Amino acid sequence: MTREEARLQQVRDSLRDSSASRTAHWQRWGPYLSERQWGTVREDYSATGEAWEYFPHDRARSRAYRWGEDGIAGISDNHQRLCFAIALWNGEDTILKERMFGLTGNQGNHGEDVKEYYFYLDNTPTHSYMKCLYKYPQQAFPYQQLVEENQRRSRQDLEYELLDTGIFAGDRYFDVFVEYAKNSPEDIAIQVSIVNRGAEAKTLHLLPTLWFRNTWSWNSHQEQPMLKVVKSDSDFSVIEAIHPTLENRWLYCDGETELLFTNNETNFEKLFGTSNASPYVKDGINDYIVEGRKAAVNPNRIGTKSAAHYTLKIGAGETKTVRLRLSDSPSLIQPFDTQFDEILQTRLSEADEFYHRICPFSISEDERNVQRQAFAGMLWSKQYYYYVVHEWLKGDPQNPSPPAERRHGRNREWIHLFNDDILSMPDKWEYPWFAAWDLAFHVIPLAAIDPDFAKRQLSRLTREWYMHPNGQLPAYEWAFSDVNPPVHAWATMRVYQIERKMYGRADTNFLERVFQKLLLNFTWWVNRKDAEGNNVFQGGFLGLDNIGVFDRSAELPTGGRINQADGTSWMGMYCLNMLAIALELAKVDSTYEDIASKFFEHFLYIADAIDGIGKTEISLWDEVDGFYYDALHLPNGDRLPLKVRSMVGLIPLFAVQTLEPEMLQRLPGFKRRMEWFIRNRPDLRQNVACMESPGVGARRLLAIAYREKLQRILKRILDESEFLSPYGIRAVSKFHESHPYVFETNGYQYRVDYEPAESSTGMFGGNSNWRGPVWFPVNYLIIESLQKFHHYFGDDFKVECPTGSGRMMTLWEVAFELSQRLVRIFLEDSSHKRPVYGGIEKFQTDPHWHDLILFHEYFHGDIGAGIGASHQTGWTGLVAKLIQQCGEYRDRSTSNSKCPEAQAQPLTV
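Residues numbered from 1 in each chain as written. Predicted model: local features only at pLDDT ≥ 70, side-chain atom pairs only at ≥ 80, totals over all residues. Heavy atoms only, no water.

Undergrad: What is the right way to look at the overall build of the protein in this model?
TA: Each helix and strand counted, the protein has 27 helices and 34 strands in total. Relative to the globule expectation of 29 Å for 909 residues, the C-alpha radius of gyration of the protein, 28 Å, shows essentially globular dimensions. Relative to its 909 residues, the protein shows a buried fraction of 65%. When contacts within the protein are restricted to residue pairs at least 6 apart in sequence, long-range pairs at least 24 apart make up 72% of them. If you average the places of the 100 positive and of the 122 negative side-chain charges in the protein, the two averages end up 3 Å apart. (Helix = DSSP H or I, 4+ residues; strand = E, 2+ residues; numbered from the N terminus. Rg over C-alpha atoms; globule rule 2.2 N^0.38 Å. Buried < 20%, exposed > 50% of the residue type's maximum accessible area, 1.4 Å probe, protein only. Contact = heavy atoms within 4.5 Å. Lys, Arg positive; Asp, Glu negative; His and termini not counted. Charge placed at Lys NZ, Arg CZ, Asp CG, Glu CD.)

Following this line, the structure appears as C-alpha cells:
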C-alpha cells in the first residue's frame, strides 16, 4: 500500500468511526471552490430566469454570493466556510484578477466560453499534493475586446480566443504555479511560484486571499465569523480565522507583507445606490490596490475577507516564490524552515509513487503525462455544491422576497432538493453544477484512484434529497426535469467491478443500496417515457444536444411524437445493467433471482419493440440501410423514419450482456425461469441475440443487435467515409457532409448536416454539437460494448477495420484500435504536434505550453482538435482509464499471453 492509499484507508476508517475524523479527515480541505459562481442559476433571483444577465462577471467583485464562492487555484473546507485563493494585479488591469473571465451564453458566438489559460497539473485523491498553473498577461486584460469581437462574429465563424488578441506576443506574461502539500489533514503548505516569461523585468502584485463564505447576510441568527491579525513582522505574519462551526485556523504568510482587510459583503452603494452597513465591502481590496483608495480597507485589520499583499519585481526569466501555510496550529515557531520544503517534496514523491501503482504498465512518458493531468483535472474539478431549492424559491428573511414569477419558473417541481456536498463537476467554469449523466462517466476513472469517492457520488444522486419522489434523477441546475440517458446502473456496476479488480474489495452493500433506489428510477422511466406502454421510449433531449432534426424536448412542428431509437436502446441497456447487478446480488441473497428474471423479461420486450411491435408501430431498424433510426409518429397515425445516420443509431449496441455458465448453475431459480421464457415465448426471442446457442466457454448473450445486425452496423461505424475518424467515432456520419438530411413541414425546412466542429445553430445554447464531432462518453461505451461482444463471439468473429481496408480484426482488436485513436488526440504525433491543439501554434511549438493538456468537451471529427468547454475533464477524463487499459493490454500482448479481459472478465477492464 502506498502512502496515499494509506491516507485513503484512514479516510475510509474515519467514515466508519466518527471519532477518527479529527486525525484522519484528509479530504476536509480540497479544491472545492468553483471557477465561476456568477452567472449560475443558484445566484439568479430575477423574474425572467436570465441568470447570465442577472449576475454578470462585472458584478462578481462587488456582490456577495449566496450559494458558493469562486477563486483562482483555490481551496476550501468541505462545507466552504473558509476559503483561500490567489488574486493578481499586473499594474495595467482595471480590476484585480480574482476569478476567471469568460463570455456568457448570450455573448459568445458559440455560447459560453472561458477566456483564460489555466491548467490542472497534479492532484491526489486526498489532496495531499495539488498543483495548477495560471498564465497571467502582463498587459491590460482585453475584457471588452473579447466580448465585442465574439459578438461581431457569426455562428459560422470561429470563436475569438485570448491568444488571438496578441496579448501573449513576445511571451509577455507570468506563469503562476500554485502548489499545496498537506503536512497533516489540517496543516497545509502553500507555495506560489511566479515566472516572468517576458524579456523585461515586470512588477506583479500577488494577493493570497483568505475569506469566509457569506452565510450571515441571509440569516440574522447566523453568528458572523472574523479574521484578524495576531502577528506581523519582517519574518512572517499570521492571520487568525475564527468561525462558529469550524475550529480556528491560522494563515502564516512568509516574509514582510502588507495585510489588508475588508468584509465579504455586497457593495450596495456601488451596485444599487443605497447605503452600506459598513464602509468595508467585498471589492474593498480591489479598490485599495487598483484605485489607491486607502479608506477602502479596514485600518483595524479585522474583517471577513483578507489578503496578504506582496509586490514582486521579477526580472526577465526569473522565478520568485511566496510561501504560506494554513494550519490548525496557532504556534508554529518556524513555519517556513526546511520542513516546509520537505513537506512539498515528500508529497510530490508520494504522488509519483501512487500514480505508478495505479498504472504500472509500460506506457510512454507522453502517455503518462497526459494520464496524470487527466486524473488531476478530475480531482481539481471537485466542487462544494450548495443549493436548497425550497429556500431559493422562497427567499431569505434578511432580503426582499423573490419575484412571484419564480413560483412558476425554473425547478419549481424540485422543492425537496437539498444539495450540500462535494461533487464532481463537468467543468468548474462552463458547467459549475453537477450533471447527472456526466457524473456517471466521471466515476469510471475516479473509481481507479478513489473508489470510495466514486461510490459516494452515485449514492448521492439516488438519495431522497436528490432523487425526485417520483423516481426521476435531477439532470442539472438549469433544468432538473430534463431527461438524461439512464446510465447510472451501468456506472454503479462498473465502479463495483473496478474496485473489486484493483483493490480486492467487493462492496455489495453499495451495490444493493444504489440498486434499490434505481428500481424507483427505472419505474419512473417506464411510467413516464413510454407514451403508449409499447416499450418504445420518448426520452426527449437525452443530453445529445443538437443531434436530431428537431429539438426533441420541445413540441414538434409536425405534432405527434418521436419514437427514439436511442431512448429505447438506453432502456434496453438499463435493463441489462439492472439484470447484471441483480445477478451479482443474487450470489449472496437468492431473492434477487426473482428481480433478475423481471429485468431479463423486460429486456426481451424492449428488444422486440425496437424491431417493430406488430401492426401498431414501424421497426426502428431499417433492413435496407442496415441501421437504426428514430421514427416520427404523426397525429394522423402515419409513421415516418427519420433517416439520420447518427449516434442515435449506434446506441442499440450498448444493450449487450453476457451470462456466464457458472453463474447460471449457481442461480437455478433464475436459470429455470429464463429457460421457460425461451421455450414458451419464441415470438420475443426471435429478435434478440440467441439465448440458446452458447458462445465461447458456453456463455449466453443478450443483445439488441445480434450477429448480422452487428456486422452491418459495424460496417458503417468502421467506414472512414462515415463514422470512423482518425480520433474515434463521430457523432454523425460524414455521409451527411454531401448528403444532408432534409425534412420539410409547414413551409419550413429542417436539416442535419455533418458539422465536425462548432454548432451552426443556437439549439441548446449553441455551445454543444453532436452533429459530427467525437465525444468521449459514447465512444467509451462503444468500446466496452465491443469487448462484451468479443467475450461471447471470441477470436473467430472478425470484421474489416477500417471498412474496405482488407484488414480483419477481432472485436477486441477493434476496441483496442478505437481506444488508441481516442488517446491519440492528446499525444504528440510524428511532427511533435498534438491533434487536440489543431492549428494553435503557441501550444504546438512553445515549450512552456506544449506539454500542458486541456481536456475539451468534444473533438473535431476530422482533425481531433479540442472544442467546447476547455476543462471538461469530467467525461473526457475517461482517457486516463483508456491509457491504463491500453498499457495493460500491450504489456500482456508482449508477454505472449492473452488479455485476461478477453478470457474471463471483460467488464472489469
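Undergrad: Could you clarify how one ought to interpret the packing of aromatic side chains in this entry?
TA: Remark: the centre distance and the inter-plane angle together describe each pair of aromatic rings, the angle taken between the planes. In this structure the tally under the stated criterion is 76 aromatic pairs. Aromatic side chains Phe627 and Tyr629 sit 5.5 Å apart centroid to centroid with 50 degrees between the ring planes, which places their arrangement in the tilted category. Side by side, Phe627 and Tyr629 carry an identical accessibility label, which is buried. Ring pairs connect the aromatic residues Trp67, Tyr384, Tyr385, Tyr386, Tyr387, Trp392, Trp414, Phe434, Tyr466 and Phe480, which therefore count as one cluster. The ring of Tyr45 carries Arg406 above its face, with NZ or CZ at 4.6 Å from the centroid. Note that Arg645 overlies the ring of Phe735, its terminal NZ or CZ placed 3.8 Å from the centroid. (Phe/Tyr/Trp six-rings, centres within 6.5 Å; stacked < 30°, edge-to-face > 60°. Lys NZ or Arg CZ within 6 Å of the ring centre and 35° of its normal.)

Undergrad: When you look at the sheet that holds strand β20 (residues 561–563) in this model, what are you seeing that I'm missing?
TA: Sheets are built from strands paired through backbone hydrogen bonds, the pairs being either parallel or antiparallel. One open sheet accounts for 3 strands, arranged β20-β23-β24; its pairing is antiparallel. The open sheet terminates on both sides in strands that have one partner only, identified here as β20 and β24 (639–642). Adjacent strand axes in the sheet meet at a mean angle of 30 degrees, parallel and antiparallel pairs treated alike. One ladder, built from 3 bridges, connects β20 with strand β23 (residues 630–633); its direction is antiparallel. Residue pairing in the sheet places Asn563 in a bridge with Ala631 of β23. (Pairing = 2+ DSSP bridges. Axes fitted to C-alpha atoms, helices over the stretch in contact; angles between N-to-C directions.)

Undergrad: Can you walk me through helix α12 (residues 451–461) in this structure?
TA: An α-helical turn contains 3.6 residues, so any two residues separated by three or four positions project in the same direction. Buried residues dominate α12, accounting for 9 of its 11 residues. Buried within α12 are the following residues: Pro451, Asp452, Phe453, Ala454, Lys455, Gln457, Leu458, Ser459 and Leu461. On its buried face, α12 is in contact with α1 (3–16), β18 (382–388), β19 (418–424), α11 (436–449), α13 (488–503) and α14 (508–528).

Undergrad: What is the right way to look at the nonpolar core in this model?
TA: The nonpolar side chains of a soluble globular protein tend to be buried, and buried together. Ranked by internal contacts, the top residues of the largest apolar core, which has 205 residues, are Phe670 and Phe826. With residues up to four places along the chain from it excluded, the contact list for Phe826 reads Val370, Phe776, Arg834, Val836, Ile853, Leu854, Phe855, Phe859, Thr876 and Val879. With 52 residues, the next largest nonpolar core counts Met130, Phe174, Phe212 and Val322 among its residues. (Core = buried A, V, L, I, M, F, W, Y, C linked by side-chain atoms within 4.5 Å.)

Undergrad: Explain the pairing of β19 here, please?
TA: The side chains of a regular strand alternate, residue by residue, between the two faces of the sheet. With 5 of 7 residues buried, β19 is to be regarded as a mostly interior element. Of the strand pairs in this sheet, β18 and β19 are connected by 7 bridges, and their pairing is antiparallel. Across the sheet, the residue bridging to Tyr384 is Ile422, located in β19.

Undergrad: How do you make sense of the sheet that holds strand β11 (residues 226–232) when you look at a structure like this?
TA: The 9 strands lie next to each other as β6-β7-β8-β9-β17-β13-β12-β11-β15, forming an open sheet whose pairing is antiparallel. One side of each edge strand has no neighbouring strand; the edge strands of this open sheet are β6 (118–123) and β15 (302–303). Along the sheet face, helix α8 (residues 338–358) touches β6, β7 (129–137), β8 (173–184), β9 (187–196) and β17 (319–327) and points at about 90 degrees away from the line of β8.

Undergrad: Explain the packing of helix α9 (residues 365–380) against helix α26 (residues 878–894) to me, please; I cannot follow it from the model alone.
TA: Helix packing for two helices is described by the angle between their axes and how far apart those axes are. Running from amino to carboxyl end, α9 crosses α26 at an angle of 145 degrees, the nearest separation of the two axes being 8 Å. For the pair α9 and α26, the sense of crossing is left-handed. Across the interface between the two elements, Glu367, Val370, Gln371, Ala374 and Phe375 from α9 touch Val879, Ala880, Ile883, Gln884 and Arg890 from α26. Counted by class, the contact of α9 with α26 contains 6 nonpolar, 2 polar and 2 charged residues. (Left-handed = near helix turned anticlockwise from the far one by under 90°. Nonpolar A, V, L, I, M, F, W, Y, C, P; charged D, E, K, R; others polar.)

Undergrad: Explanation requested: the pattern of salt bridges in the structure shown.
TA: For the structure on display, the rule yields 63 salt bridges. With a closest N to O distance of 2.9 Å, Glu350 and Arg7 form a salt bridge. Note that Glu350 is positioned in helix α8 and Arg7 in helix α1, a separation of 343 residues in sequence. You can call Glu350 buried: its relative accessible area is 9%. In this structure, the salt-bridge partner of Lys115 is Asp113, at a minimum N-O distance of 2.5 Å. Residue classification places Lys115 among the buried residues on the basis of a relative accessible area of 1%. Judged by relative accessible area, which is 6%, Asp113 ranks as buried. (Salt bridge = Lys/Arg side-chain N within 4 Å of Asp/Glu carboxyl O.)

Undergrad: What is the right way to read the side chain of Arg372 from this model?
TA: By the secondary structure assignment, Arg372 is in helix α9. The class for Arg372 is buried, based on a relative accessible area of 17%. For Arg372, the residues in contact, after removing those within four places along its chain, are Leu121, Asp122, Leu348, Ala351, Asp352 and Tyr355.

Undergrad: Sorry if this is basic, but what is going on with the environment of Asn535 here?
TA: With respect to the helices, strands and loops of the structure, Asn535 is situated in the loop between α14 and β20. Remark: the alpha-carbon pair of Asn535 and Ala199, spanning 336 residues in sequence, is separated by 67 Å. Setting aside anything within four residues of it in sequence, one finds Asn535 in contact with Asp530, Thr568, His602, Tyr605, Ile606 and Ala609.

Undergrad: Would you mind going over helix α22 (residues 776–793) with me for this structure?
TA: Here α22 contains 18 residues, and its C-alpha end-to-end distance of 26 Å stays within 8% of the 26 Å for a straight helix at 1.5 Å per residue. The buried fraction of α22 amounts to 18 of the 18 residues, a majority that puts the element mostly inside the structure. Taken from the residues just after α22, Gly794 is the one with a positive phi, measuring 80 degrees. (Expected span 1.5 Å × (residues − 1).)

Undergrad: When you look at the side chain of Ser569 in this model, what are you seeing that I'm missing?
TA: The residue Ser569 is located in helix α15 (residues 565–586) in this model. Take Ser569: its relative accessible area is 0%, and that puts it in the buried class. Excluding anything up to four places from it in sequence, Ser569 contacts Ile610, Ile651, Pro652, Ala655 and Ile704.

Undergrad: Hey, could you run me through the packing of α11 against α13 in this one?
TA: It is the contact of α11 with α13, at a shortest axis distance of 9 Å, that shows an interaxial angle of 5 degrees. Taken together, the axes of α11 and α13 are roughly parallel relative to one another. Only His488, Trp490, Ala491, Arg494, Val495, Ile498, Met502 and Tyr503 of α13 make contact with α11, whose side of the interface consists of Ala436, Trp437, Ala440, Phe441, Val443, Ile444, Ala447, Ala448 and Ile449. (Parallel < 35°, antiparallel > 145°, perpendicular 65-115°, else oblique.)

Undergrad: Just to check I follow, could you spell out the environment of Val195 for this structure?
TA: Positionally, Val195 belongs in strand β9. Taking C-alpha positions, Val195 is 50 Å from Arg513, a pair spaced 318 residues apart along the chain. Discounting chain neighbours no more than four positions away, the residues touching Val195 are Tyr173, Phe174, Asp175, Phe177, Gly317, Glu318 and Thr319.

Structural measurements only, silent on function.
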